[in-house]
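Here is what each chain is made of, one letter per residue.
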Amino acid sequence: MGRAAAGVAVGVAAVACAVAAVAVGRRIRSRGKWKRVARVLREVEEGCEGSVGRLRQVVDAMAVEMHAGLASEGGSKLKMLLTYVHTLPNGTEKGTYYALHLGSTDFRALRVHLHGQQSSVLEHEVEQQPIPQHLMTSTSKDLFDFIASSLKEFIEKEGNGSELSPDRRRELGFTFSFPVKQMSVSSGILIKWTKGFSIVDMVRIDVPACLQEALARKELDMRVAALVNDTVGTLALGHYHDSDTVASVIIGTGTNACYLERVDGIIKCQGLLTTSGYMVVNMEWGNFWSSHLPRTSYDIDLDSESPNPNDQGFEKMISGMYLGDIVRRVILRMLLESDILGPISSKLSMPFILRTPMMAAMHEDDSPDLREVARILKDILEIPQVPLKLRKVVVKVCDVVTRRAARLAAAGIVGILKKIGRDGSGGITGGGRRSDVKMKRTVVAVEGGLYSGYTLFREYLHEALNEILGEDIAKHVILKVTEDGSGIGAALLAASHSSYNVDTAKML
Ligand code: ADP
Ligand code: MG
């Protein structure tokens, strides 16, 4: 070999070595990045851990807090609000009843025809209308005059099919999805406005009275028979179809639950008497808190950056409003700490940009190359070309966050069952599982887009119920989906609280 040729060979070898060194360096750096991705994933998995042992602690805490909230006003973060609903519809109701649902920027009027037999499809008509923006911050008179006029138009359109005898006033269930302190089944004062409404003259004023006065001004002869919370409407609808229904849970944008409590268990309200001996209690369970809840730094950040810090802690770990944002926070930290994709898009730093249905679509992507995950990361979060391995990690994050939410919701449900002695343990003082306890068939009505639209969430919730209760007890607990408890359920409550009911002592 000539000297020149030898020199070329040495040069080539040196370049090859350098290239190899760069490749090795890159591989080592990449391995370091993946390790950091794996660490963030491991931490979030550990933080969200919801073993059956821990869930049972949450069950106990829920039952104890329910007791505390019933014992004294402010005794727990659970408000345990009295609803004065003591008679739930049972399918025998007859006639035409109305409902009005005011809970967002739209309001709905419904007319429901009841024929006295539990029918699987309730015959009803609905009309939905947006509330003009200016009325949301105007006066109570302006808002309710508008609603009363719209209701009058709705009623004037009705043909002869209303089945209302001429000597009967129309009766209405009014679902008002804002915090209210009820004084009776048909009266209650507004505690505060939420969701963009701010009508100052209405705070601490009787809400049904405002509506009733507006109806009188519009010469509409109609009685507000019941002021209804969505959850209570759901329980009413569930009970109408199945009289073993004892509780209801809403798992949608937010989450809440209510159940039938024995009146003598409501210690904070001495001397309360109902004909049935029971009353529906609105738990406002979104505000439940316990040190046993598996909380991560992502939850702490989400809470402290929210408009209501230290509020609705349970809801922030469970409901559709928040799950997507928890996942976004995990992905953000993962990419920041690992630097695996280099600079990250500013979209990923935007709160609530990843909505829960999108997160669910990633979670439920069953294509082999996770095409939907890639699409959502690119289109919504502006993160293009995410390698398959990382897409799999994203799916895992969705799984961890959703599984925790579903398992906590299940623990909450069992907490209610425990409080009312339907968990097979002999109640809160029963101390442990008893095989000799005869379990009654127990139905919980469930409503909300997260539960009904997200299959994996639903499956995880059912799986956790089985784990906590054990299959022998769990087979007696049935979760039944209802639809439109806040509309139809409210009309049913107007029926069961009608002033024309001869038998007000109807048994639950
Ligand atoms: P709301 O709770 O506002 O009365 P819904 O009960 O319909 O309304 O619940 C809607 C919420 O449920 C959405 O905000 C979303 O968070 C969640 N959701 C709806 N569909 C799905 C879905 N397919 N997957 C996951 N979450 C869903
Ligand atoms: Mg709803």
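Residues numbered from 1 in each chain as written. Chains lettered and ligands numbered in written order. Predicted model: local features only at pLDDT ≥ 70, side-chain atom pairs only at ≥ 80, totals over all residues. Heavy atoms only, no water.

## What to know about unusual backbone geometry
Counted only if it meets this: To qualify as a helix, a DSSP run of H or I must reach at least 4 residues; to qualify as a strand, a run of E must reach at least 2; elements of each kind are numbered from the N terminus.
Of note in this structure, Glu-219 is not a glycine but carries a positive phi near 55 degrees. Position of Glu-219 among the secondary structure elements: in the loop between α4 (207–217) and β8 (222–228). Positioned with a positive phi, Glu-382 is a non-glycine residue whose angle comes to about 55 degrees.

## A word on the side chain of Thr-96
Counted only if it meets this: Residues adjacent in sequence count toward polar contacts only when both atoms are side-chain atoms; beyond that, a polar contact is any pair of N or O atoms within 3.5 Å, and within protein one must be able to donate a hydrogen and the other to accept it.
Looking at the element boundaries, Thr-96 is found in strand β2 (residues 94–102). Side-chain polar atoms of Thr-96 contact the side chain of His-113, separated by 3.2 Å.

## Describing the packing of aromatic side chains
Filter applied, for reference: Two aromatic rings from Phe, Tyr or Trp, using only the six-membered ring of Trp, form a pair when their centres are within 6.5 Å; if the ring planes differ by under 30 degrees the pair is stacked, by over 60 it is edge-to-face, and anything between is tilted. Think of it in three bands: residues with accessible area under 20% of the maximum for their type are buried, residues over 50% are exposed, and the middle band is partly exposed, with areas taken using a 1.4 Å probe on protein chains only. Any Lys NZ or Arg CZ that is within 6 Å of a ring centre and within 35 degrees of that ring's normal is treated as a charge sitting over the ring.
Taken as a whole and assessed by the stated rule, the structure comprises twelve aromatic pairs. Ring centres of Phe-107 and Phe-146 lie 6.0 Å apart, and the angle between their planes is 75 degrees; this geometry places the pair in the edge-to-face category. Pair noted here: Phe-107 is in strand β3 (residues 106–115) and Phe-146 is in helix α3 (residues 140–156), with a separation of 39 residues, a long-range link. The class for Phe-107 is buried, based on a relative accessible area of 3%. For the pair Phe-178 and Phe-197, a centre-to-centre distance of 5.2 Å together with 70 degrees between the ring planes defines the contact as edge-to-face. With a gap of 19 residues between them, Phe-178 in the loop between β5 (170–176) and β6 (180–184) and Phe-197 in the loop between β7 (187–190) and α4 connect regions that are remote in the sequence. Of the two residues, Phe-178 and Phe-197, neither departs from the other in class, the shared state being buried. Directly above the aromatic system of Phe-154 lies the positively charged group of Arg-111, at a separation of 4.5 Å from the ring centroid. Over the aromatic face of Phe-178 sits the side chain of Lys-195, whose NZ or CZ is 5.0 Å from the ring centroid.

## What about the environment of Ile-376?
Worth spelling out the cut-off: We call two residues contacting when some pair of their heavy atoms lies within 4.5 Å.
Secondary-structure assignment places Ile-376 in helix α10 (residues 371–379). With 18 residues separating them in the primary sequence, Ile-376 and Met-358 have C-alpha atoms 7.2 Å apart. Setting aside its immediate chain neighbours within four residues, Ile-376 contacts Leu-354, Met-358, Ala-361, Met-362 and Leu-381.

## What about the sheet that holds β5?
What links the strands of a sheet is backbone hydrogen bonding, and the strands pair in either a parallel or an antiparallel sense. What counts, and what does not: Whether two strands pair comes down to DSSP finding at least two bridges between them. Note on definitions: angles span 0 to 180 degrees between N-to-C directions of axes, and those axes are lines fitted to C-alpha atoms, for helices only across the stretch in contact.
With respect to topology, five strands assemble into an open sheet ordered β4-β3-β2-β5-β8, the strand pairing being mixed. The two strands at the open ends of the sheet, each matched to only one other strand, are β4 (123–130) and β8. In this sheet, adjacent strand axes meet at a mean angle of 20 degrees when their direction is disregarded. Where β5 meets β8, six bridges bridge the pair, whose relative direction is parallel. For Glu-171, the partnering residue across the bridge sits in β8 and is Arg-223. With respect to the sheet, α3 is in contact with β2, β3, β4, β5 and β8, its orientation differing from that of β3 by roughly 40 degrees.

## Re the nonpolar core
In globular proteins that are soluble, nonpolar side chains generally tend to be buried together. Put simply, the rule reads: Buried Ala, Val, Leu, Ile, Met, Phe, Trp, Tyr and Cys residues that are joined via side-chain atoms within 4.5 Å together make up what is termed a nonpolar core.
Counting residues in each nonpolar core, the largest one holds 93 residues, and the members touching the most others are Ile-251, Met-283, Trp-285 and Leu-461. Setting aside chain neighbours within four positions, we find Trp-285 in contact with Met-62, Leu-78, Val-249, Thr-255, Asn-256, Ala-257, Phe-314, Ala-409, Gly-412, Ile-413 and Ile-416. Among the nonpolar cores identified, the runner-up in size contains 34 residues, and Leu-102, Phe-176, Leu-215 and Val-224 belong to it.

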